[in-house]
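Here are the chains, one letter per residue:
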Amino acid sequence: MWKYSVDGQLSLFMDKTGRANGLYFDKKGNIISCSDEHNELWSITPDKKVTVLMSDYAGKKLNGPNDLWIDKRGGIYFTDPYYQRNYWTRKQPDVDKQKIYYLPKGKKQPIALDTTLQQPNGIVGSPDGKFLYVADIRVGKIFRYRIRGAGVLTDKQEFAQNTTDGMTLDSEGNLYLAGNGVTVFDRNGKKLGNIPVPSKKWVGNLCFAGKGRDVLVMTASESLYTLQMRVKGVE
């Protein structure tokens, strides 16, 4: 896990992160990590102390937590697609289907939410806690749910068609989708355009950073890219 400072310096933050994938900061500044070496969720303090928040679902290993979003209650929404890893000994999933889950704050067992997606990947919620966006990367669609309570999703709707990995939102409600460059949709699902990224492969994830939270940071296979924006991120 690397740290990229506002002055453009890259340094190693932590080794042996459990094969960390999607990351999110909680209110205390801890990094919450989808660590799929053993299909767990970790909490990593600024001084690198690790707490395993979740290690199984009803006694079975999850497919491999991929991305997450934390609500105002401290509960964690996360996606659990199955991507066969070369560092696993197993060759097939332990649980049926690839689902969205919710881990209530302080609990060890997640709650399965939508079980109808084929391969849920990127996930992000609106800052007011009303909506949850989830990418089904296999079918190339983004779905939006209304959040009715902690871990309660209703009114599933197709929001946009786009093959997408990680996602983030800006202060105007625009949704940024990592994949073939960065594709941007407004709050109503209208495509605004695409930010081309000169990567050889794929933009895997993105977020807003910088002192003013107005720099878009994109992880793109072999490179890290930044772009000064005229809007701010909400995460």
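Everything that follows concerns the structure shown earlier in this document.
The shown structure was predicted, so the numbers you read here are calculated from the model rather than taken from an experiment.

With that settled, the discussion passes to the environment of Asn180. Here Asn180 lies in the loop between strand E16 (175-179) and strand E17 (181-185). The exposure class of Asn180 is exposed, given its relative accessible area of 66%. Residues Asn180 and Ala135 lie 45 residues apart in sequence; the distance between their C-alpha atoms is 14 Å. Apart from residues lying up to four places away in sequence, Asn180 is in contact with Asn194 and Trp202.

Our next topic: unusual backbone geometry. In this model, Lys48 sits at a positive phi of 75°, which is unusual for a non-glycine residue. Within the element layout of this structure, Lys48 appears in the loop between strand E5 (40-44) and strand E6 (50-54). Lys48 gets classed as partly exposed once you look at its relative accessible area, which sits at 41%. Of note in this structure, Ala58 is not a glycine but carries a positive phi near 55°.

The next thing to look at is the packing of aromatic side chains. Scanning all chains against the criterion turns up 8 aromatic pairs. Relative to Tyr102, the ring of Tyr77 lies with its centre 4.5 Å away and its plane at 55°, an arrangement referred to as tilted. Linking Tyr77 in strand E8 (residues 76-80) with Tyr102 in strand E9 (residues 99-103), this pair joins segments that are 25 residues apart in sequence. Residues Tyr77 and Tyr102 agree in their burial class; the two are buried. Centroid distance Phe78 to Tyr101: 5.3 Å. Interplanar angle 15°. Geometry classified as stacked. Highlighted residues: Phe78 in strand E8 and Tyr101 in strand E9, separated in sequence by 23 residues. Across this residue pair, the class does not change: Phe78 and Tyr101 are buried. The lysine or arginine in question, Lys156, covers the ring of Phe143, its NZ or CZ lying 4.6 Å from the ring centre.

This brings us to the nonpolar core. If you look at the biggest cluster of nonpolar residues, it comprises 37 residues, and the most contacted ones within it are Phe78 and Leu175. Tallying contributions element by element places strand E12 (residues 131-136) first for this core, with 5 residues. Filtering out sequence-adjacent residues up to four positions away, Leu175 remains in contact with Val124, Tyr133, Ile142, Phe159, Met167, Thr168, Leu169, Thr183, Val184 and Phe185. Among the nonpolar cores identified, the runner-up in size contains 15 residues, and Tyr176, Val197, Val203 and Tyr225 belong to it.

With 5 of 5 residues buried, E9 lies mostly within the body of the structure. Here E9 shows a buried face lined by Lys99, Tyr101 and Leu103 and a second buried face lined by Ile100 and Tyr102. Here 5 bridges tie E8 to E9, and the two strands are oriented antiparallel to one another. Each residue of the ladder has a partner; that of Tyr77, found in E9, is Tyr102. As paired strands, E9 and strand E10 (residues 111-112) are joined by 2 bridges and run antiparallel to one another. Bridging across to E10, Tyr101 finds its partner in Ala112.

All right, on to the pattern of salt bridges then. Per the stated rule, a full pass over the model turns up 8 salt bridges. Here Asp94 ties to Arg90 by a salt bridge, and the two come within 3.6 Å at their closest N and O atoms. Residues Lys156 and Asp114 are paired through a salt bridge, measuring 3.1 Å at the closest nitrogen-oxygen approach. Linking Lys156 in strand E14 (residues 152-161) with Asp114 in the loop between E10 and strand E11 (120-125), this pair joins segments that are 42 residues apart in sequence. Judged by its relative accessible area of 36%, Lys156 falls in the partly exposed class. Overall, the relative accessible area of 12% leaves Asp114 in the buried class. Through salt bridges with shared partners, one network takes in Arg146, Arg148 and Asp155.

On to the sheet that holds strand E18 (residues 191-195). On the basis of which strands lie adjacent, the open sheet formed by 4 strands has the order E15-E16-E17-E18 and antiparallel pairing. Each edge of the sheet is formed by a strand with only one pairing partner; in this case those strands are strand E15 (167-169) and E18. Neighbouring strand axes in the sheet, compared pairwise and without regard to direction, differ in orientation by 20° on average. Bridge count for E16 against E17 is 5 bridges, and the pairing is antiparallel. Within E17, the position partnered with Ala178 by the bridge is Val182.

Calculation rules
Residues numbered from 1 in each chain as written. Predicted model: local features only at pLDDT ≥ 70, side-chain atom pairs only at ≥ 80, totals over all residues. Heavy atoms only, no water. Helix = DSSP H or I, 4+ residues; strand = E, 2+ residues; numbered from the N terminus. Buried < 20%, exposed > 50% of the residue type's maximum accessible area, 1.4 Å probe, protein only. Contact = heavy atoms within 4.5 Å. Phe/Tyr/Trp six-rings, centres within 6.5 Å; stacked < 30°, edge-to-face > 60°. Lys NZ or Arg CZ within 6 Å of the ring centre and 35° of its normal. Core = buried A, V, L, I, M, F, W, Y, C linked by side-chain atoms within 4.5 Å. Pairing = 2+ DSSP bridges. Salt bridge = Lys/Arg side-chain N within 4 Å of Asp/Glu carboxyl O. Axes fitted to C-alpha atoms, helices over the stretch in contact; angles between N-to-C directions.

Just geometry here; none of it tells us what the structure is for.
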